[in-house]
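These are the residues of each chain, in order.
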Amino acid sequence: MTHNVAVETTPEIPLWNDPALSVTTRVSALIEAMTPEEKIAQLYGVWVGASDEGGDVAPHQHDMEEAVDLDALLPTGLGQLTRPFGTAPVDPALGALSLLRTQARIASANRFGIPAVAHEECLAGFAAWGATAYPVPLSWGATFDPDLVQRMASAIGRDMRSVGVHQGLAPVLDVVRDARWGRVEETIGEDPYLVGTIGSAYVRGLEDAGVVATLKHFAGYSASRAGRNLAPSPMGPRERADVLLPPFEMAIREGGARSVMHAYTDTDGVPAAADEDLLTGLLRDTWGFDGTVVADYFGIAFLKTLHGIAADWAEAAGAALRAGVDVELPTVKTFGAPLVEAVAAGRVPEKVIDRALRRVLTQKALLGLLDPDWNPVPAALDGADLDDPEALRGRIDLDGPHNRELARTVAEEAVVLLSNDGTLPLARPRRIALVGPNADEATAVLGCYSFPQHIGVHHPTTPVGIGLPTLRATLAAEFPDTEFTLAHGTGVDDGDVSGIPEAVRAAGEADVVVAVLGDRAGLFGRGTSGEGCDVESLALPGAQQRLLDALLDTGRPIVTVLLAGRPYALGRSVTESAAIVQSFFPGEEGTAALAGVLSGRTGPSGRLPVSVPRGAGAQPTTYLGARLAHVSEVSSIDPTPAFGFGHGLTYTTFAWSDLAVDARQAPTDGEFALALTVRNTGERHGTEVVQLYLHDPVASVVQPVQRLVGYTRVPLAPGEARRVRVAVPADLASFTGRDGHRVVEPGALELRFAASSTAPPLTATVTLTGPQRRVDHTRRLHAVFEQEPAAGG
């Protein structure tokens, strides 16, 4: 006789939740199980703000979007949550609680239990209330120090990940082509190799912390006509290939970036958001990128409203999807009901939905968001009592000592000493006149994507959330025995000259004058630098040049200090200031860094990531110009900069000598080995930045006079010398030829070892031999530097 025995079983785990299976298998099973509405729901975000009481997030309303009903959306799922921390001031712990509760709500509302990807801005630190405000990217470039930038990015990423954020919208890899563009402060500089190496380091740091780095803005945004935001980019294919694309190529190949954001711009009539050759042909098919492409905010709708290549929202959505855009940000618009209806009507094929969905779900799987043990509680709230929100307030510190130390180090390394007649470092002066609109302004160190300037300005009654000492305060602490006189002089851009006589009187009674000038960061015309804050010329804003000239007329030693987001023409100051110190929005520790440089406690080691113009109206120009772009006898405009790319002084002196070349000929697939000695000939410790430029005197297409192909920082004690060796692969001489392919051509080259683009003390003439050679995205990208003690050093 047979007995049936009841056996207790557990429900089978759905294939998409089974971590034992491959990601490809899991994602394919999930796509197969989804309805078209559920698929599309994974392809858009909703702009939200976290609750300062720890409750669910609330949809954010913007003048470019309609109201969003989360209750109606969530049953089909949700792809992303846009800026839960970066929309309004919220205590970080309560913001994390709000986010986790919302993620639990999202997962429980859809039948597959899929949470959203939460993204935030992180252009100058995590853009959240109370988080460290680091220097802006232009300061990262000024450090010429990728390792330091990577450490900073790791700290930013750890803070973001600890509160439940998965994706960061940074770095900006746009190469500066016109310094009048308002977003120069967000860039790393005017040279693609510098942008690529520093940007890739930032990507590595963010990705190592578990945060998806998003490369911006792909591609050509910074090449807009007349430096205007969101204007057409009239560049040719070689400018795009050789100047604007290499940083993205490097950050994908060497940084491991998992997301790319399309640019707003159009190039030769094709908007980036609808450019299949760019977003699929180049990015994916050629470079092998397998991450997600996300829309710049409202960028897909702009295909209809600004570019005029789509008749309705559905057509805009279809154009973006076919081109290779996967996610609509910041909120649901064209990818909502219009796309659902278009798929049902056969206007947009479901296969392009599935293609984008596969990328989105693959990324969610790799983030652990499809795992059966997924938990919405972030690391920073592990073990906390989540039922007592007020007890959580203040629990999470996003601006701890480690962060501030990193911020200080980056700010210090980014200070660029442009000129100095020996006045700096200041020798404990008895009386200092502190003059200018940024001398006593706490926010003068912040860029437009810092939380206080981006969001905090809309909440004036809320404390700023971080310490922001003014330069006046840090100088008073640095020089405790000095008498300070403060004179405003004029505003940043108000044009008011009524305070100039008072400033002149203060200057006349001082031993030295510190004139603190520059920018105020803001957005869309609310500042003199920042997104939408483009300028007609590079004259100092407002009446600042009049103030500076009046101070110079006093005959007192004038130390000009610039807290700015772009380089400015400084008129007489270039030759008449006792010293000029440039700092590009150096963040919350910036004034302490500046005070240290002015006193000599810290030696300056920054180098210019952008040229400082001699004249206010010579734009657009960068050091990368071809021969016809430089000064000539047939034009009355002289674009020669006052201080060139790579320039920066120290408080010591260096001697470069003993250049050696192992062999002056190499095949087009070979490399050159060179060496030189750098010695500190002064009495102070200092850091020299050895820069390597390549000059190609004869090529089949016009080349820039020179371009940076390598660099290394060389710290030296007084009297110390180091032998710097470098291997230079022939691939670094490659460029885009007439047929559109990248080639290495035989012929003579100059390898210039230089302290800046305008000061090459040692040059080696070498020759590439053999046949022309075609290279691609797998080419060698770097000269390899090594350092060792030099004989007698």
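Shown above is the structure to which this text applies.
The rules behind each value
Residues numbered from 1 in each chain as written. Predicted model: local features only at pLDDT ≥ 70, side-chain atom pairs only at ≥ 80, totals over all residues. Heavy atoms only, no water. Helix = DSSP H or I, 4+ residues; strand = E, 2+ residues; numbered from the N terminus. Rg over C-alpha atoms; globule rule 2.2 N^0.38 Å. Buried < 20%, exposed > 50% of the residue type's maximum accessible area, 1.4 Å probe, protein only. Contact = heavy atoms within 4.5 Å. Areas by Shrake-Rupley, 256 points an atom, 1.4 Å probe, with all protein chains shown as cover. Pairing = 2+ DSSP bridges. Axes fitted to C-alpha atoms, helices over the stretch in contact; angles between N-to-C directions.

A. Quick look at the overall build of the protein. Helix and strand content of the protein: 22 helices and 28 strands. Computed over its C-alpha atoms, the radius of gyration of the protein comes to 27 Å, within 12% of the 28 Å expected for a compact globule of 793 residues. Within the protein, the fraction of its 793 residues that count as buried is 61%. Taking the contacts inside the protein whose residues are at least 6 apart along the sequence as the reference set, 79% of them involve residues at least 24 apart. By element, 50% of the accessible surface of the protein is carried by carbon and sulfur atoms, the whole surface being about 28,400 Å².

B. Spotlight on the sheet that holds strand β17 (residues 654-661). An order of β17-β19-β22-β28 is seen for the four strands of this open sheet, with the pairing classed as antiparallel. Each end of this open sheet is capped by a strand with a single partner; those strands are β17 and β28 (784-789). Geometrically, the sheet is characterised by an average inter-axis angle of 20 degrees between neighbouring strands, direction not taken into account. Bridge count for strand β19 (residues 671-680) against strand β22 (residues 721-729) is nine bridges, and the pairing is antiparallel. Paired with E671 across the two strands is P729, which belongs to β22.

C. Spotlight on the environment of G522. By the secondary structure assignment, G522 is in the loop between β14 (512-518) and α20 (544-553). Here the alpha-carbon distance between G522 and R183, two residues 339 residues apart in the chain, equals 10 Å. Apart from residues lying up to four places away in sequence, G522 is in contact with C448, G527, S529, G530, E531 and C533.

D. Looking closely at the sheet that holds strand β27 (residues 773-774). On the basis of which strands lie adjacent, the open sheet formed by three strands has the order β23-β24-β27 and antiparallel pairing. Bordering the open sheet on either side are β23 (735-736) and β27, each of which pairs with just one other strand. Pairing of strand β24 (residues 742-744) with β27, which is carried by two bridges, proceeds in the antiparallel orientation. Paired with V743 across the two strands is R774, which belongs to β27.

Without other data, these values stay purely geometric and don't point to any function.
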